[in-house]
Amino acid sequence: MKESTYNDNDIKVLKGLEAVRKRPGMYIGSTSSRGLHHLVWEIVDNSIDEALAGFSDLIKVFINKDNSITVIDNGRGIPTGIHPKTGISTIETVLTILHAGGKFGGGGYKVAGGLHGVGASVVNALSSFLEVKVYQNGSIYSMSFENGGKAVEPLKVVGKYDGEKSGTCVTFKPDSEIFTETTEFDHDILKTRLRELAFLNKNLKIILTDERKDEKIQDEFLYEGGIKEYVELLNKNKTPLNKDIAHVEGEIDDIIIEVALQYNKSYSELIYSFVNNINTHEGGTHEDGVKLALTREIKKYAQEKNILKEKDEGLIGDDVREGLAMIISCKHPNPQFEGQTKTKLGNSEVKKIASNIFAEGLRKFLLENPNDAKIIVEKAMAASKARIAAKKARELTRRKGGLELTTQWGKLTDCSSKDVNESELFIVEGNSAAGPAKQGRDSKIQAVLPIRGKIINVEKSRIDKILANEEIRSLITAFGTSVGDEFDIDKLRYNKIIIMTDADVDGAHIRTLLLTFFYRYFKPLVEGGHIYAAQPPLFKISHGKTNKYVLNQEDLDEYVSNLGENTKYEIGRMKGLGEMDPIELKETTMDIKTRNLLKIEVDDAILADETFQILMGEEVAPRRKFIEDNALNVRNLDV
Ligand code: 1YM
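Report on the accompanying structure. (Residues numbered from 1 in each chain as written. Predicted model: local features only at pLDDT ≥ 70, side-chain atom pairs only at ≥ 80, totals over all residues. Heavy atoms only, no water.)

**Quick notes on the overall build of the chain**
Within the chain, the secondary structure is distributed over 20 helices and 23 strands. The C-alpha atoms of the chain give 28 Å as radius of gyration, which agrees with the globular expectation for 639 residues (26 Å, within 12%). Principal axes of the C-alpha set define a box for the chain whose edges measure 85 × 85 × 45 Å. With 639 residues in all, the chain has 50% of them scored as buried. Contacts in the chain between residues at least 24 apart in sequence constitute 70% of all its contacts with a sequence separation of at least 6. For the chain, the accessible area works out to roughly 31,300 Å², and carbon and sulfur atoms hold 49% of it. Charge separation in the chain, taken as the distance between the mean sites of 88 positive and 98 negative side-chain charges, equals 4 Å. (Helix = DSSP H or I, 4+ residues; strand = E, 2+ residues; numbered from the N terminus. Rg over C-alpha atoms; globule rule 2.2 N^0.38 Å. Buried < 20%, exposed > 50% of the residue type's maximum accessible area, 1.4 Å probe, protein only. Contact = heavy atoms within 4.5 Å. Areas by Shrake-Rupley, 256 points an atom, 1.4 Å probe, with all protein chains shown as cover. Lys, Arg positive; Asp, Glu negative; His and termini not counted. Charge placed at Lys NZ, Arg CZ, Asp CG, Glu CD.)

Below, the structure is given as structure tokens:
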């Protein structure tokens, strides 16, 4: 009787795990590097849940020599007894039955949900090997699986130990038959997220050890200040304004809201929000509530102190968020995630709770820190003035006949198609490149906008000054979306916006200036995958009557080595787009059939912000260090 239950179950288990192996994308998003790292987060999330429940304070992650991963925590250990529903051990249940990770107890805050939360069984299904060890009541229990979750032998006690401690240890090796692109873990990806988890869970120690090199690398993260220290990191390369970081924490109806913030001299806002440690990229009710209270409280304070007068135009959200670095962390027992990427908190009750908790805490901070409060209000007032000036300037140009510009710079050569989906905008540097680009384009779907050399550095200027810049205005007009509080992505006129600059240092600088501008003022275009970089060839190889263009040194070497010993050839280094004839430019860089576009994607928003700040911001010392640290890379790239 018992045996037959086990067999039925066995078949069900294998079917479940097979389904995961058949369509891994459905469970972990993709089988690319991102999916590979997702496996680690599934296991680590179980350890984090245990820490959130208050049972553990240490997580160790090892990248082993063979690119397998070991995760250890000092929690209660996965229960070792027989599971009432499945009739097999709870450990085996957790590792072989889909969604068993949904826990049996209920209650408490769980990382599970959103992107993660498919559970340890999915990791098992996608691994060539997995071993779990549980330390409980003096016994070490162990069970291992291979080939996508097939049990090697049942759960057994493999040893004894002295002491009170308990914990779980999972080692797994991703299956190379599933992860065909790569099975190699990226140290930095693991490090960044583990550090983030340590910031979000104060007093939780996380240690990452990379055993792959002869000299092993170890990073230890432990933050007593939690998200306060996270804000400190966000402002590391900036000039902070308020001396003390404002920190607010409160709980209503089991919903915990924690916020830390500090203003800096820059003009951009940096807000990262989380729910149960999951980054809510798309925001949601917790973020809405905090933003609402921020605007209301700063405005109220400014009026009470008579800094904001009756006659003044009010402060709006954009004004009080200029130069703001803020982390919002919400813990919710039953979060509902919405949005395109399921990273938007939907629970409607949270807005009011977040706004009430934050309003009270911020008010207290402003009253207790009058000097900081004054600096914050003055920053918002200055932003408000600039915004109003920019708006007036925009209205003026509009009355003068729209933002259409008639100067030679910023003169758009539009495409004839009105179908946004097929339309492309090439932003080219200088008039010499505009000529061949206009001739080499497909005039139906490709528009060309020449810009003069270096555009204004938006990292160092406020919106009013930025909008006074001719190049910037022509870009905004061409996009069609407007900017700032008037931005509307539905008005975008081109599906692809392609930066086409020379393959040299100046070209790279212009590309960085443009990317900074897009990232700061048109983030939805970057996040929506509308921004691209063209890749003009770096070398031209001529032999006989053939001209071959290649992108880089590697391709050059390969092409030349295949030419045959007796072929005479010449290598030319391309200096600029203007040097190419229209047909060459079309074939190598513009033609949708033959070109090689680079899509601009942001994997790590915090790193992107930091890099733009370092490269384009006011502070010189961090830039020097960045260049020194990366000089070798640049040299390698640009042989
Ligand atoms: C290295 C990975 O999985 N730790 C871990 C997992 C569990 C528990 C403790 C745990 C949870 C509960 C009760 C509970 C899990 N248990 C389950 C299940 N580390 C790692 N540490 N006792 C222990 O949630 O009630 C799933 S995960 F389902 F068995 F309870």
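**What to know about the pattern of salt bridges**
Summed over the entire model, instances satisfying the criterion amount to 32 salt bridges. Ionic pairing is found between glutamate 50 and arginine 76, a salt bridge with its closest N-O pair at 2.7 Å. Remark: arginine 76 occurs in the loop between strand S2 (69-73) and helix H4 (90-96) and glutamate 50 occurs in helix H3 (residues 33-52); sequence separation between them is 26 residues. We note a salt bridge from aspartate 319 to arginine 387, for which the minimum N-O separation is 2.9 Å. In this pair, aspartate 319 is assigned in helix H9 (residues 317-320) and arginine 387 in helix H11 (residues 370-399), connecting sequence segments 68 residues apart. Among the charged side chains, a network of salt bridges with common partners joins Lys238, Glu459, Arg520 and Asp609. (Salt bridge = Lys/Arg side-chain N within 4 Å of Asp/Glu carboxyl O.)

**Details of the nonpolar core**
Soluble globular proteins tend to bury their nonpolar side chains together. With 63 residues, the main nonpolar core has Val44, Ile69, Phe172, Leu194 and Tyr230 as its most contacted residues. Non-local contacts of phenylalanine 172, meaning those with residues more than four positions away in its chain, are made with Leu39, Val40, Ile43, Ser68, Ile69, Val123, Ser127, Phe129, Leu130 and Phe185. Grouped together as the second largest cluster of nonpolar side chains are 40 residues, Ile463, Ile466, Phe518 and Ile600 included. (Core = buried A, V, L, I, M, F, W, Y, C linked by side-chain atoms within 4.5 Å.)

**Regarding the packing of aromatic side chains**
Overall, the coordinates contain eleven aromatic pairs when judged by the stated rule. Each ring, one from phenylalanine 487 and one from phenylalanine 522, has its centre 5.9 Å from the other, and the planes form 65°; the classification is edge-to-face. Remark: phenylalanine 522 occurs in the loop between helix H15 (505-521) and helix H16 (523-527) and phenylalanine 487 occurs in the loop between helix H14 (470-479) and strand S18 (496-500); sequence separation between them is 35 residues. The exposure class of phenylalanine 487 is partly exposed, given its relative accessible area of 22%. (Phe/Tyr/Trp six-rings, centres within 6.5 Å; stacked < 30°, edge-to-face > 60°.)

**A look at the sheet that holds strand S16 (residues 424-429)**
Paired through backbone hydrogen bonds, the strands of a sheet run either parallel or antiparallel to each other. Spatially, S17-S16-S18-S19-S23 is the arrangement adopted by the five strands of the open sheet, whose pairing is mixed. The open sheet has two edge strands, strand S17 (446-451) and strand S23 (598-599), and neither has a second partner. Note that S16 and S17 share six bridges and pair parallel. When the bridges of S17 are listed, glutamate 424 appears paired with glutamine 446. In this fold helix H12 (residues 430-440) packs onto S16, S17 and S18, with an angle of close to 145° to the strand it touches most, S16. Those strands touched by helix H18 (residues 582-590) are S16, S17 and S18, and its axis lies near 120° from that of S18. (Pairing = 2+ DSSP bridges. Axes fitted to C-alpha atoms, helices over the stretch in contact; angles between N-to-C directions.)

**A word on the pairing of strand S21 (residues 546-550)**
In the sheet, strand S20 (residues 539-543) pairs with S21 via five bridges, with the strands oriented antiparallel. Looking at the pairing, isoleucine 541 lines up with lysine 548 of S21. What sits between the antiparallel neighbours S20 and S21 is a turn of two residues, in which glycine 544 has the positive phi angle 55°.

**As for the environment of valine 248**
Considering the arrangement of structural elements, one finds valine 248 in strand S9 (residues 246-252). You can call valine 248 buried: its relative accessible area is 7%. Note: C-alpha distance between valine 248 and alanine 380 (132 residues apart in sequence) is 20 Å.

**As for H14**
In terms of burial, H14 is largely enclosed, as eight of its ten residues are buried. Where H14 begins, the capping side chain belongs to asparagine 469, and its oxygen is found 3.2 Å from the backbone nitrogen of glutamate 471. The positive-phi residue at the C-terminal boundary of H14 is glycine 480, with phi of around 90°. (Polar contact = N/O pair within 3.5 Å; in protein donor to acceptor, adjacent residues only side chain to side chain.)

**Describing the sheet that holds S20**
Ordered in space as S21-S20-S22, the three strands form an open sheet in which the pairing is antiparallel. Taken across any chain shown, the strands that pair with only one partner, and hence form the sheet edges, are S21 and strand S22 (570-573). Across the sheet, the mean angle from the axis of one strand to that of its neighbour is 25°, orientation sign disregarded. Here helix H17 (residues 553-561) sits on the sheet and contacts S20, S21 and S22; the angle it forms with S20, its principal contact strand, is near 15°.

**Considering the side chain of serine 461**
Topologically, serine 461 is positioned in the loop between S17 and helix H13 (463-467). Look at serine 461 and you get buried, because its relative accessible area is 6%. Within the local environment of serine 461, its side chain forms a polar contact with the backbone oxygen of asparagine 457, the two atoms lying 3.4 Å apart. If near-sequence neighbours (up to four positions away) are discounted, serine 461 is found in contact with Tyr267, Ile456, Ile466 and Tyr521.

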